[in-house]
Amino acid sequence: MTSKSTALWIRLWPVYVILLGLGLSLSQGWHEYLTLDALSANAVSLDAMVKENFLIVFAGYILIYAAATTFMVPGSALTIAGGFLFGLVIGTPATVIGATIGASILFFASKTSIGAVLRDVAGPFIEKMRAGFAENPVSYMFALRLIPIFPFAAVNIAPGLLGAKYRDYLLTTFFGIIPGTLAYTWIGAAVKGTLLEGGTPDIGSLAANFVPAFIALGLVSLLPVAYKKFFPRKVPA
């Protein structure tokens, strides 16, 4: 019993890091800067803050994103905020890391006594996923990340309840969420670029900033169609 308890404490170590980081972030009021209104109103000052305290803001953002994922808070606006704060190249991995940490905590939590509570969240979708897991767990989990037909929280919880291996869960989560994260992060970077150009830019600058972002978002929306075409038997039902 002691060894089992010790193993659980070890596996859930990210929870303590996130709680400490979240407490620090809340005490400093950083969460207030991650709403779209606040980002728009403080574009210049936030840009300066990131440049002056990059590592602290970077780590704080990852911890906040991980906590949001753990507590099943929708993350689209927060993903856009990541692009706004760090740009496309840095914002994308920051969000992917944060989301993967949060999802991993839910995976391990689903294998503990907390799993009974989490089952209530994913319960309506588990049976629909069971056949796909039985056929090919890795391909199916990757498909669930690319094709958002189930809620993100349910996709984070169900694999643990269905017996998936953590290594497979980790890899499919990390790589599977990259396309969608890239698109939303690009939008955030475009918003920042537009605001830093003067707040009321002309049509030309708007197009230059936003067209690539929305092209990326459009390509992500086509992923389900492409996946169904090339992997028709592995698409979730």
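Residues numbered from 1 in each chain as written. Predicted model: local features only at pLDDT ≥ 70, side-chain atom pairs only at ≥ 80, totals over all residues. Heavy atoms only, no water.

1. Looking at a nonpolar patch on the surface
A contiguous nonpolar surface patch, about 340 Å² in accessible area, is contributed by Ile97, Leu171, Phe174 and Phe175. Looking at the secondary structure, you find Phe174 in helix H10 (residues 166-176). In this structure Phe174 comes out as partly exposed when scored by relative accessible area, which is 30%. (Patch = residues over 30% accessible without salt bridge, like charges linked within 9 Å, V, L, I, M, F, W, Y side chains within 5 Å. Areas by Shrake-Rupley, 256 points an atom, 1.4 Å probe, with all protein chains shown as cover. Salt bridge = Lys/Arg side-chain N within 4 Å of Asp/Glu carboxyl O. Helix = DSSP H or I, 4+ residues; strand = E, 2+ residues; numbered from the N terminus. Buried < 20%, exposed > 50% of the residue type's maximum accessible area, 1.4 Å probe, protein only.)

2. Considering the confidence of the model for the protein
The pLDDT averaged across the protein works out to 74; a share of 62% of its residues lies at or above 70. When pLDDT is averaged over each element of the protein, H10 comes out on top at 92 and helix H1 (residues 2-11) at the bottom at 50. Contacts of residues 1-6 to residues separated by more than four positions or lying in other chains number 0 contacts, the stretch itself having pLDDT below 50. Scored below 50 in pLDDT, residues 200-207 makes 6 contacts in the model with residues more than four places away or belonging to other chains. (pLDDT = per-residue confidence, 0-100. Contact = heavy atoms within 4.5 Å.)

3. Thoughts on helix H6 (residues 76-109)
Each α-helix turn comprises 3.6 residues. Residues three or four places apart therefore point the same way. Here H6 contains 34 residues, and its C-alpha end-to-end distance of 23 Å is more than 12% below the 50 Å for a straight helix at 1.5 Å per residue. Its maximal kink placed at Gly87, H6 deviates by approximately 130°. (Expected span 1.5 Å × (residues − 1). Bend = angle between axes of the 7 residues up to and from the residue.)

4. What to know about the packing of helix H4 (residues 43-52) against H6
Orientation of H4 relative to H6, taken along the N-to-C sense of each, is 50°, at an axis distance of 11 Å. Between H4 and H6, the angle falls in the class oblique. Our pair here, H4 against H6, has a crossing hand that is right-handed. Where H4 abuts H6, its residues Ala43, Leu46 and Val50 lie against Phe84, Leu85 and Phe86. Split into classes, the residues belonging to the contact of H4 with H6 amount to 6 nonpolar, no polar and no charged. (Axes fitted to C-alpha atoms, helices over the stretch in contact; angles between N-to-C directions. Parallel < 35°, antiparallel > 145°, perpendicular 65-115°, else oblique. Left-handed = near helix turned anticlockwise from the far one by under 90°. Nonpolar A, V, L, I, M, F, W, Y, C, P; charged D, E, K, R; others polar.)

5. Thoughts on the packing of aromatic side chains
In this description, a pair of aromatic rings is defined by centroid distance and the angle of the planes. As enumerated under the stated definition, the model contains 12 aromatic pairs in all. Arranged with centres 5.6 Å apart and planes meeting at 70°, the rings of Tyr61 and Phe86 form a pair that is edge-to-face. Taken as a pair, Tyr61 in helix H5 (residues 54-70) and Phe86 in helix H6 lie far apart in primary sequence, 25 residues in all. You can call Phe86 buried: its relative accessible area is 10%. Through a chain of ring-to-ring contacts, the aromatic side chains of Phe54, Phe58, Tyr61, Tyr65 and Phe86 assemble into a single cluster. (Phe/Tyr/Trp six-rings, centres within 6.5 Å; stacked < 30°, edge-to-face > 60°.)

6. Concerning the pattern of salt bridges
For the coordinates displayed, the defined rule picks out 2 salt bridges. In this structure, Arg167 engages Asp168 in a salt bridge whose closest nitrogen and oxygen atoms are separated by 3.7 Å. Assessed through its relative accessible area of 56%, Arg167 is described here as exposed.

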